[in-house]
Amino acid sequence: MIVLGIETSCDETAAALYHSEQGLLAHQLHSQIPLHAAYGGVVPELASRDHIRKTLPLIRATLAAADCLPQQVDAVAYTAGPGLVGALLVGAAIGRSLAWSWGKPAIGVHHLEGHLLAPMLEENPPPLPFVALLVSGGHTQLVDVRAIGDYQLLGESVDDAAGEAFDKTAKLLGLPYPGGPQLSRLAQQGHPGRYRFPRPMTDRPGLDLSFSGLKTFALNTLRQAESEHGTPLPQQLRADIALAFEQAVVETLIIKCRRALHATGHRHLVLAGGVSANQRLRQGMAEVLAKEGVTTHYPRPEFCTDNAAMIAYAGWQRLRLGESEPLSFKAKPRWAI
Ligand code: KG4
Ligand code: ZN
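Analysis parameters
Residues numbered from 1 in each chain as written. Chains lettered and ligands numbered in written order. Predicted model: local features only at pLDDT ≥ 70, side-chain atom pairs only at ≥ 80, totals over all residues. Heavy atoms only, no water. Buried < 20%, exposed > 50% of the residue type's maximum accessible area, 1.4 Å probe, protein only. Helix = DSSP H or I, 4+ residues; strand = E, 2+ residues; numbered from the N terminus. Arc of directions from axis to C-beta. Contact = heavy atoms within 4.5 Å. Domains from an automatic or database assignment. Buried area = accessible area lost by both parts, 1.4 Å probe. Polar contact = N/O pair within 3.5 Å; in protein donor to acceptor, adjacent residues only side chain to side chain. Pairing = 2+ DSSP bridges. Axes fitted to C-alpha atoms, helices over the stretch in contact; angles between N-to-C directions. Near = heavy atom within 4 Å. Areas by Shrake-Rupley, 256 points an atom, 1.4 Å probe, with all protein chains shown as cover. Phe/Tyr/Trp six-rings, centres within 6.5 Å; stacked < 30°, edge-to-face > 60°.

### Remarks on helix α6 (residues 179–187)
Then, in step 1: Taken residue by residue, α6 has Gly-179, Gly-180, Leu-183, Ser-184, Leu-186 and Ala-187 as its buried positions. Buried positions in α6, seen along its axis, are confined to an arc of 160° and lie on one side of it.
Then, in step 2: On its buried face, α6 sits against α5 (162–172), α8 (235–264) and α9 (279–290).

Encoded structure:
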């Protein structure tokens, strides 16, 4: 069975073809980062218009790359939410219409289910059950994945998502959008120990998280440093702040993941979502958990951030379980997993 996956929930347009026996056949992605960079964040209307321009050409390019004809596609999976409603509507309308014209089924996929199943596309996929840490620009959640489709939310951020905190702190440090990877690069030059940020909500029991305080802490640290050392702050001190912020996010996430693993008794952890591309998080988590006999799994960096391979895969899993949908299409900007 060949499933065409379409992702248009935010600022990436992507298409992919997943074959149930051969695995991923092809995937293509167009990033809107240069389009939004001038505004310091995603402009929803510009995102929708760009998805309209790019989705069909990307689908054609993906079919060509896989040497696949439209009539060989058995089903279409599109991201139905959560995300920007205008952006979602583009992928949903195109995906549903193509499936109808080809006489094939279409299925609306939950974007976060796509993220948490992304490591299944790798060579050593995690065995079920596992704990998944979903860390993206819009969500930070700990999920007990018992089986495909059987997800229990264990905890989540009560305010900003981890990626959002990365992006906002990066902006404070004068780094361009999207700030997460840029902040991480700056942190590589940082000297450890000059600054120390709090580890929010780790001093009390529970699996919820909070990241908005770290952004405020970064602002206060920056102001204090500027009053001592002048504006603009020397590059080395900016790097020191970036490092202290990154260490705080990573250590907080590690503490909460260990708790979730103890609570569930699972021996495997999956890192997913844009922030799981972060090297310090990947290495730190794997090192700490290995000592406890827990294996850490994560997708290749390009499948940590938004992509259509994970949507095609999640769609195939849903269809395999016998799910089907009516001819109407759905776009759900808010949608609990
Ligand atoms: O999953 P994703 O591509 O989109 C959403 O569904 O939100 O995640 C994007 C988020 C952004 O906040 C971005 O700054 C962050 O992931 N991100 C990173 C890194 N790469 C992407 N944050 C920290 N370190 C990275 N290397
Ligand atoms: Zn995402």
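### Details of the domain arrangement of the protein
Then, in step 1: Splitting the protein by domain gives domain 1 (2–117 + 304–320) and domain 2 (127–298).
Then, in step 2: Centre-to-centre, using C-alpha coordinates, domain 1 lies 28 Å away from domain 2.
Then, in step 3: Across the contact, 17 residues belong to domain 1 and 20 residues belong to domain 2.
Then, in step 4: Buried area between domain 1 and domain 2, both sides added, is near 1400 Å², and the carbon and sulfur share of it is 73%.
Then, in step 5: When the buried area of domain 1 at its contact with domain 2 is split by residue, Leu-112, Leu-116 and Cys-304 rank highest and sum to 44% of it.
Then, in step 6: Here domain 1 and domain 2 share four residue pairs in polar contact (both at pLDDT 80 or more) between them.
Then, in step 7: Mapped by element, the contributors of at least two residues to the side of domain 1 that touches domain 2 are α1 (33–37), α4 (111–117) and α11 (309–320).
Then, in step 8: Considering each element in turn, the side of domain 1 that touches domain 2 owes the most residues, five residues, to α4.

### A look at the sheet that holds strand β3 (residues 23–31)
Then, in step 1: Read across the sheet, five strands follow the order β3-β2-β1-β4-β5 without closing on themselves; strand pairing throughout is mixed. The outermost strands of the open sheet, each flanked by one partner alone, are β3 and β5 (106–110). Strand-to-strand twist in this sheet, taken as the mean axis angle between neighbours without regard to direction, amounts to 20°.
Then, in step 2: Where strand β2 (residues 12–19) and β3 come together, eight bridges link them in antiparallel fashion. Paired with Ala-16 across the strands is His-27, a residue of β3.
Then, in step 3: Helix α3 (residues 85–102) rests against β1 (2–7), β4 (75–81) and β5 of the sheet, and its axis sits at about 160° to β4.
Then, in step 4: Running at roughly 130° to β1, α11 makes contact with β1, β2, β3, β4 and β5 of the sheet.

### Digging into the site of ligand 1
Then, in step 1: If you check the shell around ligand 1, you find 17 residues, and the closest are Gly-137, Asp-167, Gly-274, Asn-278 and Asp-306.
Then, in step 2: One nitrogen or oxygen atom from the main chain of Gly-163 is found 3.2 Å from an oxygen atom belonging to ligand 1.
Then, in step 3: A distance of 3.0 Å is found between a nitrogen atom of ligand 1 and a side-chain nitrogen or oxygen belonging to Asn-278.
Then, in step 4: Within the complex, the protein chains bury 86% of what would otherwise be the 550 Å² of accessible surface of ligand 1.
Then, in step 5: Broken down by secondary-structure element, the contributors of at least two residues to the shell around ligand 1 are α4, α5 and α6.

### Quick notes on the pairing of β2
Then, in step 1: Most of β2 sits inside the fold, with eight of its eight residues counted as buried.
Then, in step 2: Across the two faces of β2 the burial is the same, with Glu-12, Ala-14, Ala-16 and Tyr-18 and Thr-13, Ala-15, Leu-17 and His-19 all buried.
Then, in step 3: Across six bridges, β1 lies against β2 in antiparallel orientation. Looking at the pairing, Val-3 lines up with Tyr-18 of β2.
Then, in step 4: In sequence, β2 turns back onto β3 through a hairpin of three residues.

### A short note on the side chain of Thr-296
Then, in step 1: Structurally, the position occupied by Thr-296 is in strand β10 (residues 295–297).
Then, in step 2: Residue classification places Thr-296 among the buried positions, given a relative accessible area of 15%.

### Considerations on the packing of aromatic side chains
Then, in step 1: According to the stated counting rule, one finds six aromatic pairs in the structure shown.
Then, in step 2: Linked through ring pairs, Phe-166, Phe-197, Phe-217 and Phe-245 together constitute an aromatic cluster.

### Some thoughts on the environment of Leu-116
Then, in step 1: Turning to its location among the elements, Leu-116 is positioned in helix α4.
Then, in step 2: Sequence spacing of Leu-116 and Ser-227 is 111 residues, and the spatial spacing of their C-alpha atoms is 43 Å.
Then, in step 3: Apart from residues no more than four positions distant in its own chain, Leu-116 is found in contact with Phe-130, Ala-132, Leu-134, Val-143, Val-145, Tyr-151, Val-270, Ala-272 and Ile-337.

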